[in-house]
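Understanding the architecture of this molecule
Next come the chains, spelled out residue by residue.
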Amino acid sequence: MKFTDRFSAFRNQYCLTLNAVADQTGIDYKMLLKYESGEVNPTQDEEARIFACAKPEKEEFYAPKPDYSMQHNWENYAKELSVEYRQCIEEGKDVEKYEGLFTAAGNMEAGELKDRLADIIYEIVTKAPVREGYPYNEPDDLPSIRALRNRSEAEEKKPVPVGEELYDKIYGAWLGRIAGCLLGKPIEGIRTEELHPILKESDNFPMHRYIRSSDLTEERIAATKYPLKGRCFADTVEAMPVDDDTNYVVLAQVLIDKYGRDFTSDDVMRVWVDYQSKNAYCTAERVAYVNFVKGFRPPFSARYKNPYREWVGAQIRGDYFGYINPGNPEKAAEMAWRDASISHIKNGIYGEMFVAAMIAEAAVQNDIEKILLAGLNEIPKTSRLHEAISEIISDYKKGMNKEAAFAGIHARWDEHIPHDWCHTISNAEIVAASLLYGQGDLGASICMAVETGFDTDCNGATVGSILGMRNGAWSIDHEWTKPFNDLLDTSIFGVGRVKLSEMARKTIGHIEK
């Protein structure tokens, strides 16, 4: 084993900081850094001094310590205290007086002491009251959510399509979701200052088609910090590659197959653990998964040490509940609530309810604004998400142009900050604006959602799903569906590759007759 590996394991085992090793050995701290990085090797004498500096007389008195470098940020609450602080402030928790504590603890080296301090911070967070004058009321339980809905603009129920017309809409929703996801997937995580030059150099700005591998010159690849090589561009795939955005739609179908339409949040938890590995989940979903394994059941799985509890993860999971409830946005939102509650709270939950309700309404409604209102009708009118989407709609109706609308989103949310880049509300604003300014054109709308940046594949997929349902499969240009050949790859155990046309037929069987 290399010295660097042995040294790292030794420090973790005995909970030693580099400063402690320097104090006990007399070796300069900066030199220890070089030893640990592998830049320089210690002498035999120095190596002996290092490994003797904290040798216990009896090994059994020392409990083993984890290697903190192996713990992903999504699995170690102490590593994301800056995100926790931002989340608390936005929730209205009275924690500003502890900002210095959050900062100091967040800057500590990963280890046992930092974890112990993070436990104290978590206790502070859970006990913190809502600050005086906070203007939002954002409950998590379904009865309270429903009590705060604005039902004044609810539409009369329209007849639900049947037969091949219904199949065309369901299939269109699947195809639209896959197309939007594939459009955004190869550039997920890029920032617009690098994305827009790529689009402009390939005559694809404003965006109107897939990015192709042939669009990228060696000079452009070298000049771009974002790793462009090896991405799944539309001209390099034969099927839609595995993606969490698409896995969740298939996983929801597995859920309904296994537990029926009356599934519980605990059932969702069981399906997650049984059908995918831990690495299939990100941010809030990863936290929830780890919490399940530790014995935390919903809704506590969403709350325990989860700084991502209002991020976009749930918003990408609600599509199937819209698919199987055409014309019934309330039922779609209720199913989405059961799903979202295992990993999210407040606006994180509302995001999934909002999307599921819009998709259900899109099966019977062509008016884009009314589709958006159907989504808003299922979430609290006292929430930040409701306020944000209402303002997007209001600005559109007042005549704000597309450029100003999307510039406003970038002004309110900083794409370079992970919390803003991945938050439910920032991405929901992009979805709403893309639907309005795209005016029902699926290609134009998914392109707007993707070229705006932020969570590109999530937003492209959501917009595509809504308009695919609204417009039907027959209306989707073949250029959008040709790259994936009706095929979708998943990482779901026992599922693997599926045919979208068959998934759509199966979806019909899950619709309540």
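Note: the structure precedes this text.
Scoring rules and cut-offs
- Residues numbered from 1 in each chain as written.
- Predicted model: local features only at pLDDT ≥ 70, side-chain atom pairs only at ≥ 80, totals over all residues.
- Heavy atoms only, no water.
- Helix = DSSP H or I, 4+ residues; strand = E, 2+ residues; numbered from the N terminus.
- Contact = heavy atoms within 4.5 Å.
- Buried < 20%, exposed > 50% of the residue type's maximum accessible area, 1.4 Å probe, protein only.
- Lys, Arg positive; Asp, Glu negative; His and termini not counted.
- Salt bridge = Lys/Arg side-chain N within 4 Å of Asp/Glu carboxyl O.
- Phe/Tyr/Trp six-rings, centres within 6.5 Å; stacked < 30°, edge-to-face > 60°.

**Regarding the environment of Ile389**
Within the secondary structure, Ile389 sits in helix H20 (residues 384-397). Ile389 sits 146 residues away from Asp243 along the chain, and the two C-alpha atoms are 27 Å apart. Not counting chain neighbours up to four residues away, the residues in contact with Ile389 comprise Phe354, Leu376, Ala428, Glu429 and Ala432.

**Describing the side chain of Glu451**
Here Glu451 lies in helix H24 (residues 442-451). Look at Glu451: it is buried, it has no salt bridge, and the nearest opposite charge is Lys402 at 4.5 Å.

**Things to note about the packing of aromatic side chains**
Applying the stated rule across the entire model yields 23 aromatic pairs. Arranged with centres 5.0 Å apart and planes meeting at 90°, the rings of Tyr396 and Tyr437 form a pair that is edge-to-face. In this pair, Tyr396 sits in helix H20 while Tyr437 sits in helix H23 (residues 424-438), placing the two residues 41 residues apart along the sequence. Under the relative-accessibility criterion, Tyr396 is labelled partly exposed at 27%. Three or more aromatic residues joined by ring pairs form one cluster here, namely Phe3, Phe7, Phe10, Tyr35 and Phe51.

**Some details on unusual backbone geometry**
With an omega dihedral of -5°, the bond running from Phe205 to Pro206 counts as a cis peptide bond. Considering the arrangement of structural elements, one finds Pro206 in the loop between helix H10 (192-201) and helix H11 (218-223). Of note, the amide linkage connecting Pro298 to Pro299 takes the cis form, showing an omega dihedral of 0°. The phi dihedral of Asp203 is positive, around 55°, even though this residue is not glycine. Examined against the element boundaries, Asp203 turns out to sit in the loop between H10 and H11.

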